[in-house]
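What the coordinates show
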Amino acid sequence: MSAVLTRRFADRQTAVRALAAEFQELIEARNQAGQSTVLGLATGSTPIPFYQELVRLHRQQGLSFARVITFNLDEYGGLPPDHPESYWHFMQQHLFQHIDIDPQNIHLPSGTVAEAEIDQHCAAYEDAIRAAGGIDYQILGIGRTGHIGFNEPPSRGDSRTRRVELDEITRGDAAPAFGGLEAVPSWAITMGVGTILDARRIALMAFGEAKADIVRRAIEEPVNDRVTASFLQTHPMAQFLLDPEAASALTR
Ligand code: F6R
């Protein structure tokens, strides 16, 4: 029986508001104590309304990100930061340029690090997360391959930040944004499953019918390396936030 907390919401807007309220509470408590908050961030279509809600809380309720440190999950191989489909660009567009975060506190893996330096770059990313005190709260989406970050199956539960080859399903899902499959990178740098599981709290958001089957497998199948998100069942403070469509295949 899976231990992971599963929360079904009336719609995605209600789900992202609930999650953003948890982030607000955490960040404000840390701000008041003069401490930093370390957030693990995701890209893709799923977290966009969540980032919109954080921006609203910043603008309307004065939520300050001045003490927030961020680490993103992943970046596409070969894409420079200013490429319109890079995750660096995505984060600027959807969150960072709208809030008071210190640019020095923003971390993403580099998609353009030289081949010979990738291992060192990945080790340095892990070191930077540790030096910041570890990730307080990590958000995730889920790919149709069951990946979290770009940990395509099979990915080990103790994997760390590394170069990965992208699954053809994942590349196909990204093709419209890139204007065709040929333009989609074949590889990425991603935090590992072990890196993600080191976060003190984790929230995976999944919305829409296309995620229903993989959400069911992640929550109801025994933990297995074919559905990377199933490793979240082993985490003491992980939750799935679902809309009715994404929850529609659950059997219990
Ligand atoms: C993005 C990431 C991926 C996405 C997943 C779902 O940083 O790590 O795991 O969360 O591919 O993508 P969307 O939300 O576009 O369906």
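Throughout what follows, the structure given in this document is the object of discussion. Sequence order as written defines residue numbering, which begins from 1 separately in each chain. Only residues with pLDDT of at least 70 are given local features in this predicted model, and only at 80 or more are side-chain atom pairs given and counted; all residues enter the totals for whole chains, interfaces and linings. Computation of side-chain values covers all heavy atoms of the structure but excludes hydrogens and water.

**Observations concerning the sheet that holds strand S7 (residues 162–165)**
As a reminder, the rule being used: When DSSP finds two or more bridges between two strands, those strands count as paired. A run of H or I in DSSP becomes a helix once it reaches four residues, and a run of E becomes a strand once it reaches two; helices and strands are each numbered from the N terminus. To obtain each axis, a line is fitted to C-alpha atoms, and for helices this fit is confined to the stretch in contact; angles are then taken between N-to-C directions over 0 to 180 degrees.
Read across the open sheet, the three strands follow the order S4-S8-S7; overall the sheet is antiparallel. The open sheet has two free edges, formed respectively by strand S4 (74–76) and S7, since each of these has just one partner strand. Each strand of the sheet is rotated relative to its neighbour by a mean of 25°, with strand direction disregarded.

**Some points on the site of the ligand**
Defined as follows: Residue proximity to a molecule or strand is established when one non-hydrogen atom of the residue lies within 4 Å of it. Here a polar contact is taken to be a pair of N or O atoms separated by no more than 3.5 Å, where protein atoms must pair a possible hydrogen donor with a possible acceptor and residues adjacent in sequence count only if both atoms sit in side chains. Here the Shrake-Rupley method, with its probe set to 1.4 Å, supplies the accessible areas, and only the displayed protein chains count as covering residues. Definitions used throughout: a 1 Å grid over protein atoms alone; a cavity as a set of points that fits a 1.4 Å probe which cannot get out; a pocket as an open set with protein on both sides within 12 Å along at least five of seven lines; a lining residue as one with an atom within 4 Å of a point. To qualify as sitting in a cavity or pocket, a molecule needs more than half of its atoms within 2 Å of the grid points. Side-chain classes follow a simple rule in which Ala, Val, Leu, Ile, Met, Phe, Trp, Tyr, Cys and Pro form the nonpolar group, Asp, Glu, Lys and Arg form the charged group, and the remainder, Gly included, forms the polar group.
Taken together, 13 residues form the shell around the ligand, and within it Thr-46, Asp-74, His-147, Gly-149 and Lys-211 come nearest. At 2.9 Å from an oxygen atom of the ligand is found a main-chain nitrogen or oxygen belonging to Ser-45. Between the ligand and Asp-74 there is a distance of 2.6 Å, counted from an oxygen atom to a side-chain nitrogen or oxygen. Burial of the ligand by the protein amounts to 87% of the accessible area it has alone, namely 410 Å². According to the grid-proximity analysis, the pocket containing the ligand is the largest pocket. Grouping the constituent residues of the shell around the ligand by class yields three nonpolar, eight polar and two charged.

**Comments concerning unusual backbone geometry**
Glycine aside, a negative phi is what most residues show, and trans is what most peptide bonds show. With an omega of -10°, the peptide bond between Pro-153 and Pro-154 qualifies as cis. Tracing the chain through its elements places Pro-154 in the loop between strand S6 (137–140) and S7.

**A short note on the packing of helix H2 (residues 48–61) against helix H3 (residues 87–94)**
Definition in use: When describing relative orientation, an angle under 35 degrees is termed roughly parallel and one over 145 degrees roughly antiparallel, while 65 to 115 degrees is termed roughly perpendicular and anything else oblique. Note on contacts: a residue pair is in contact if any heavy atoms of the two residues lie within 4.5 Å.
Taken N-terminus to C-terminus, the directions of H2 and H3 make an angle of 40°; their axes are 10 Å apart at the nearest point. By the angle between their directions, the pair H2 and H3 is classed as oblique. Between H2, through Ile-48, Tyr-51 and Val-55, and H3, the contact on the second element is made entirely by Phe-90, Met-91 and His-94. Considered class by class, the residues forming the contact of H2 with H3 number five nonpolar, one polar and no charged.

**Points about the sheet that holds strand S2 (residues 37–41)**
Spatially, the seven strands line up as an open sheet ordered S1-S10-S9-S6-S2-S3-S5, and their pairing is parallel. The open sheet has two edge strands, strand S1 (5–8) and strand S5 (106–107), and neither has a second partner. Summarising the sheet, S1 and strand S10 (residues 238–242) pair through four bridges and their orientation is parallel. In the sheet register, Arg-7 faces S10, and the bridge partner there is Leu-241.

**Quick word on the side chain of Gln-138**
Keep this limit in mind: Only protein chains enter the calculation, and the probe is 1.4 Å; a residue is then buried if its accessible area is under 20% of its type maximum, exposed if over 50%, and partly exposed in between.
Relative to the helices and strands, Gln-138 is located in strand S6. Gln-138 sits in the buried class, given a relative accessible area of 0%. Here Gly-40 takes part through its backbone oxygen, which lies 3.3 Å from a polar atom of the side chain of Gln-138. If sequence neighbours within four positions are ignored, Gln-138 has contacts with Gly-40, Leu-41, Leu-73, Met-191, Ile-196, Ala-199, Arg-201, Ile-202 and Ala-203.

**Here's the deal with the packing of aromatic side chains**
What counts is decided by this rule: When the centres of two rings from Phe, Tyr and Trp lie within 6.5 Å, Trp using its six-membered ring, the rings pair. Their planes under 30 degrees apart give stacked, over 60 give edge-to-face, and anything left gives tilted.
Tallied over the entire structure, the rule returns eight aromatic pairs. Centre to centre, the rings of Phe-71 and Tyr-125 are 5.7 Å apart; their planes meet at 80°, and the pair counts as edge-to-face. Residue Phe-71 is located in strand S3 (residues 68–72), and its partner Tyr-125 is located in helix H4 (residues 118–131); the two are separated by 54 residues in the primary sequence. Exposure remark for Tyr-125: the relative accessible area of 6% places this residue in the buried category.

**What about the pairing of S6?**
On S6, burial covers both faces: Tyr-137 and Ile-139 on one face and Gln-138 and Leu-140 on the other are all buried. Relative to S6, S2 runs parallel, the two being bridged by two bridges. If you follow Gly-40 over to S6, its bridge partner there is Gln-138. As paired elements, S6 and strand S9 (residues 201–206) share four bridges and run parallel to each other. Paired with Ile-139 across the two strands is Ala-203, which belongs to S9.

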